[in-house]
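Per-entry structural report
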Amino acid sequence: MDNQVSRRAFLKATTATVAAVGTVGTHATAEAATKTKPNLGATTLPYPSTAVGKSRGMKVLTPVSFNYPDAASPCVALKMDSAAPGGVGPEGNIVAYSILCSHMGCPVSFDTDAKTFKCPCHYSIFDPENNGQMVCGHATENLPQIDLKYDAKTDSVTAVGVNGLIYGRQSNLL
Ligand code: FES
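Throughout this document, residue positions are counted from 1 along each chain, in the order its sequence is written. In keeping with the predicted nature of the model, local features appear solely for residues at pLDDT of at least 70, side-chain atom pairs appear and are counted solely at 80 or more, and the whole-chain, interface and lining totals rest on all residues. As a rule here, side-chain values come from all non-hydrogen atoms in the structure, and water together with hydrogens is ignored.

Focus on the state of the cysteines
For the purposes of this analysis, a disulfide is any pair of cysteine sulfur atoms at a distance within 2.5 Å. Here the structure, examined in full by the defined rule, presents one disulfide. A sulfur-sulfur separation of 1.9 Å characterises the disulfide bridge that pairs cysteine 106 with cysteine 121. Residues cysteine 106 and cysteine 121 share a disulfide whose torsion about the S-S bond is about -90°; that sign makes it left-handed. Residue cysteine 106 is found in the loop between β4 (94-98) and β5 (109-111), and its partner cysteine 121 is found in the loop between β6 (116-118) and β7 (125-127); the two are separated by 15 residues along the sequence. With relative accessibility at 17%, the residue cysteine 106 sits in the buried group. Working definition: helices are DSSP H or I runs of at least four residues, strands are E runs of at least two. Numbering for both runs from the N terminus. Residue burial is assigned from relative accessible area. The probe radius is 1.4 Å, only protein chains are included, and a residue is buried under 20% of its type maximum, exposed over 50%, and partly exposed in between.

Describing the pattern of salt bridges
Take a side-chain nitrogen of Lys or Arg and a carboxyl oxygen of Asp or Glu: if they are within 4 Å of each other, that pair is a salt bridge. Inspection of every chain in the model, using the stated rule, returns five salt bridges. Its salt-bridge partner being arginine 169, residue aspartate 70 comes within 2.8 Å of it at the nearest N-O pair. On the criterion of sequence distance, the pair formed by aspartate 70 in the loop between β2 (64-67) and β3 (74-79) and arginine 169 in the segment after β10 (156-163) is long-range, its members being 99 residues apart. Judged by relative accessible area, arginine 169 falls into the buried class, the value being 11%. Residue glutamate 129 pairs with lysine 115 through a salt bridge whose shortest N-O separation is 3.5 Å. Placement of glutamate 129 in the loop between β7 and β8 (133-136) and of lysine 115 in the loop between β5 and β6 is noted, with a sequence separation of 14 residues between them. The exposure class of lysine 115 is partly exposed, given its relative accessible area of 22%.

Overview of the layout of surface pockets
Here a cavity means grid points, on a 1 Å grid over the protein atoms only, where a 1.4 Å probe fits yet cannot get out; a pocket means an open set of points with protein on both sides within 12 Å along at least five of seven lines; lining residues are those with an atom within 4 Å of a point. Grid points are joined across faces, edges and corners, and a volume is the space filled by probe spheres set on the points. Space inside the largest pocket adds up to approximately 170 Å³. In terms of lining residues, the largest pocket is bounded by Ser102, Glu141, Asn142, Leu143, Pro144, Asn163, Gly164, Leu165, Ile166, Tyr167, Gly168 and Arg169. Of the residues in the lining of the largest pocket, the class split is five nonpolar, five polar and two charged. Three classes are used: nonpolar for Ala, Val, Leu, Ile, Met, Phe, Trp, Tyr, Cys and Pro, charged for Asp, Glu, Lys and Arg, and polar for all others, with Gly counted as polar.

What about the sheet that holds β6?
Reading across the sheet, the four strands line up as β5-β6-β7-β8 and stay open at both edges, with antiparallel pairing between neighbours. With one partner strand each, in any of the chains shown, β5 and β8 form the two edges of the open sheet. Taken pair by pair, the neighbouring strands of this sheet meet at an average axis angle of 40°, ignoring direction. Strand pairing is assigned whenever DSSP identifies at least 2 bridges connecting the two strands. Examined bridge by bridge, β5 and β6 share three bridges and lie antiparallel to one another. Bridging from a neighbouring strand, aspartate 111 pairs with threonine 116 of β6. Only the contacting stretch of a helix is used when fitting its axis, a line to C-alpha atoms as for every element, and angles between N-to-C directions run 0 to 180 degrees.

This is the structure we're talking about:
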């Protein structure tokens with residue numbers, strides 16, 4: 001009888017141990033899977049950080065060319081003469097845009113007097129002081145605005161993202 005009870009106790013103890021090990025094992029496996037799985041619910045793309053220049057070195061209303069998020073995407077940064085939406089820097093007046101027209105991809109150029117981007121192909125006009133808003137012309141979308149970050153310690157302006165779809169792409173990151 002004593003022998004039977006202890007056998008029962010032994011079986012109970014063994015079952016509990018196996019269950020506990022199984023739970024820990026399952027938990028560890030789930031944790032490992034979480035670490036290796038891509039974040040399918042993420043809403044932001046893994047944009048690179050690209051140096052645009054120093055705020056001090058930028059002249060007001062003078063475009064600074066750079067490429068973002070890759071070499072095939074021409075952009076310009078502009079130091080406006082007053083703060084602008086999305087602007088960074090000590091005065092919040094540095095903005096940047098893709099220069100590929102949202103209509104058919106012609107490169108727009110900055111008109112200093114009118115403070116607008118103008119497209120030479122079908123004459124669309126975009127406002128850099130207003131998030132690249134389409135003012136008139138064939139385009140129906142704004143110019144994609146480049147998200148900028150400013151580091152006051154180093155006076156550096158860095159491109160960190162894009163608002164809007166760059167012309168000709170299905171995704172801003174190829
Ligand atoms: Fe710019 Fe048509 S490509 S208006």
